[in-house]
Structure formats: C-alpha cells, structure tokens
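Summary of the model geometry
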Amino acid sequence: MMSERLPLLVQPEELAARLGEPGLRVIDLSPGDIFRQQHVPGSVHLPYGEIVASRPPVGGLLPEQDLLERVLRSAGIDSDARIVALDAEGGGAAGRLMWTLEIYGFDNVSLLDGGLQAWVNEGFPTETGAPASVPDSDLTLDEPQDHIADARFIMERLDHENFLTLDARSPEEYAGTAVRAARGGHIPGAVHYEWTRAMDRSRNLRLRPADELRDELARLGITPEREVAVYCHTHHRSALSYAMLRILGFERVHGYPGSWSDWGNRDDTPVE
C-alpha cells in the first residue's frame, strides 16, 4: 500500500516522483498506436472500447458487470490500488474510467492533469512498445451505488430547484441544429458547458485553474450545493465534465450513460 493518497487531480511531476510505488496503478486509455509510440513507464494500456458498451442506437452504456469485472481484473485494478488514469485527448476517456470506478464505490481514482500530452511535451520519461505485464486482480464489483443517472432519474428531478443538468456537447448539438439522434435539442433547462472549455490549451490540456472554473460555473448556476447530472451524446465528453466537477469539490454529481443517444432516441422524454 502507498503511504499517502494522491489528490483527485495529479500533476505530472507528482506522478513522476511516485512511479514504482507499491499499490500505484497507472492506466492509459489512449489509442493503441499512440500507447505503443510512448507511454508513462510501467503503465497499463486499457482500450476505451472495453469500458463502454452499445445497444444501437444507444452508445456509451456500461458493459455487463461480469464483462467489466474481467476487463478491470486484466488491467490489475483492485479495490486497494491507487489508480491514476490518463489519455491522449485531454481527459474524456480517463474521466470515463474515473466515473466508472466511482459508481462502483472506488474512492482512490485520480486523473493525470493534461494526460499524455502534458507528460510527453514537458519531457517526463516514456517507454515504447507493449504495455507492462500485470497479474490479474481478484476484483469483485457490487451493484453501482452512486454518481449514476438515467432518463428516469433525470425526469423525476427536472422540476427540482436544486437539480440541474450540464450539457457538454457542441453548441450546434445543444441548439438542435446538429442532430445525431431521432430528435435534436437538449434536456429542458440544461446548462450548456462544452467540455473543452475546461481545458487550458496553453498548458498542454491541463484543467484551467480551479478558482477560474468555479467562478465561470457559478455564473451559470452550477454550484457545489446543487445536484448535477452531466451528459453529452454517449457520456464520453461529459466524463471530463464529471471529473472536473468532482475535482472542484462537487459531491452530488452524476454521469448519464447513453446520454443524448438515449434521451434523444426515446419517445417519453421532453426536449427543448
């Protein structure tokens, strides 16, 4: 076990200083070709497609629990490990792993700030080739307990003053001019906060400063005392929004697997 827990958002220099510590598991969700070119030493490659499932036209669902359990076991993930997730895109895939593990009760998952882009561009050590070989864990998952929303969950709360939804899609998807499901538009009352607004492109896709993000979100009515459900089209982009809110101290935040590919393809959900 590690002597000290890591924060939800880990800086590259902090991770570099702790590589090789017992109990640390670095999980990279970048595409395989990118991972083989360069990755954090000792990291395990976990393809993003293995932590999501589809039932067309709905995508971005949770895999069947026994399948997900096997995937996580093969990555060496167990309930005692301290997990640092990263990807090459700014945090969508890594945020999805954070959310997935948190709904199953993990409280030891961190995001690498800036992911692979920050790690490589700032000269931290890398390896090439195949991922590290790790023994399978004996992980057993219970039923999801928290941080998860579905259409019924959201519809029951739409009129609650202390509840809101955050739409992380593009402005065109939010407005309904770009239609990717049977219906276009957004969940009634949803606040639009496109997912890349959280990224600082001048600092290798790190999250923008916390105070800056808090102030910007507060001006939109997104404050920590409120219950928030985040969504995009398949809960990929909005997984970074979920991670951002958790890192900013939001406790009652939920991800919507399926997201608009579910809501926009149903005939029992209201649309604005």
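Our subject is the structure that appears above.
Throughout what follows, the structure given in this document is the object of discussion. (Residues numbered from 1 in each chain as written. Predicted model: local features only at pLDDT ≥ 70, side-chain atom pairs only at ≥ 80, totals over all residues. Heavy atoms only, no water.)

**Section: unusual backbone geometry**
To keep things clear, this is the line we draw: Strands here are runs of E lasting at least two residues and helices are runs of H or I lasting at least four, both read from the DSSP assignment and numbered beginning at the N terminus.
P56 connects to P57 through a cis peptide bond whose omega is 10°. With respect to the element layout, P57 can be found in the loop between β4 (53–55) and β5 (58–61). Even without being glycine, N204 reaches a positive phi, approximately 60°. As for its placement among the helices and strands, N204 is situated in the loop between β10 (199–200) and β11 (206–207). With a phi angle near 65°, L205 is a residue other than glycine that sits in the positive phi range.

**Some details on the environment of L86**
The condition that has to hold: In what follows, a contact means two residues having at least one pair of non-hydrogen atoms within 4.5 Å.
Assignment of secondary structure puts L86 in strand β6 (residues 82–86). Put simply, L86 and P57 are 29 residues apart on the chain and 28 Å apart in space, counted from C-alpha to C-alpha. Residues contacting L86, with those up to four places away along its chain left out, are V26, I27, D28, L29, S30, V40, A94, L112, G115 and L116.

**Remarks on the sheet that holds strand β1 (residues 9–10)**
Whether parallel or antiparallel, the strands of a sheet pair through hydrogen bonds between backbone atoms. Under the convention used in this document: Paired strands, in this sense, are two strands between which DSSP finds at least two bridges. Orientation is described by axes fitted as lines to C-alpha atoms, over the contacting stretch for helices, and by angles from 0 to 180 degrees between their N-to-C directions.
With parallel pairing, 5 strands are arranged side by side in an open sheet as β1-β7-β6-β2-β3. The open sheet is flanked by β1 and β3 (44–45), the only strands paired with a single partner. Pairing between strand β2 (residues 24–28) and β3: 2 bridges, direction parallel. When the bridges of β3 are listed, D28 appears paired with H45. Lying over the sheet, helix α4 (residues 92–103) contacts β2, β6 and β7 (109–112), oriented at roughly 170° with respect to β7.

**Let's talk about the environment of P63**
Looking at the secondary structure, you find P63 in the loop between β5 and α3 (65–74). In this structure, the C-alpha to C-alpha distance between P63 and F153, residues 90 residues apart in sequence, is 20 Å. Discounting residues that sit within four places of it in the chain, P63 has contacts with E50, I51, V52, A53 and L68.

**Looking at the packing of α4 against helix α9 (residues 237–247)**
So the rule is basically this: An angle below 35 degrees is read as roughly parallel, one above 145 as roughly antiparallel, one from 65 to 115 as roughly perpendicular, and any other as oblique. Note: crossing handedness is left-handed where the near helix turns anticlockwise from the far helix by less than a right angle, and right-handed where it turns clockwise.
One way to put it is that α4 packs onto α9 with a least axis distance of 7 Å and a crossing angle of 65°. If you check the angle between α4 and α9, you find them roughly perpendicular. Crossing geometry of α4 relative to α9 is assigned as left-handed. Contact with α4, carried on its side by G92, G95, R96, M98, W99 and E102, involves A239, L240, Y242, A243 and R246 of α9 and no other residues of that element.

**Considering the side chain of T223**
To be explicit about the condition: When accessible area is computed with a 1.4 Å probe and restricted to protein chains, residues below 20% of their type maximum are described as buried, those above 50% as exposed, and intermediate ones as partly exposed. Counting of polar contacts relies on pairs of N or O atoms within 3.5 Å, with two restrictions inside protein: one atom must be capable of donating a hydrogen and the other of accepting it, and residues adjacent in sequence are counted only when both atoms are side-chain atoms.
Mapping T223 onto the fold places it in the loop between α8 (210–219) and β12 (227–231). Among the residues examined, T223 registers a relative accessible area of 18% and is labelled buried. For T223, the side chain forms a polar contact with the side chain of E225, separated by 2.9 Å. With residues near it in sequence (within four places) discarded, T223 still touches A218 and F250.

**As for α8**
In plain terms, the rule: Arc definition: it is the arc formed by the directions from the helix axis to the C-beta atoms.
Residues L213, E216 and L217 constitute the buried set of α8. Around the axis of α8, the buried residues are gathered within 95° of arc, so they sit on the same side. Turned more than 90 degrees away from the buried face of α8 sit D211 and R219, all of them exposed. Considering only its buried residues, α8 is in contact with α9. Following α8 by one or two positions, G221 adopts a phi angle in the positive range, close to 85°.

**Considerations on the pattern of salt bridges**
Basically, it comes down to this: The salt bridge definition used is simple: a Lys or Arg side-chain nitrogen within 4 Å of an Asp or Glu carboxyl oxygen.
This model, assessed by the stated rule, comprises 19 salt bridges. For the salt bridge of R18 with E21, the shortest nitrogen-to-oxygen distance reads 3.4 Å. One salt bridge connects E69 with R73, and the closest N-O pair in it is separated by 3.6 Å. One end of the pair is E69 and the other is R73, both in helix α3 and 4 residues apart, which spans about a single turn. Taking the relative accessible area as the measure of exposure, R73 reaches 26% and is therefore partly exposed. Three or more residues are tied together by salt bridges with common partners; here these are R152, E156, R157 and E227.

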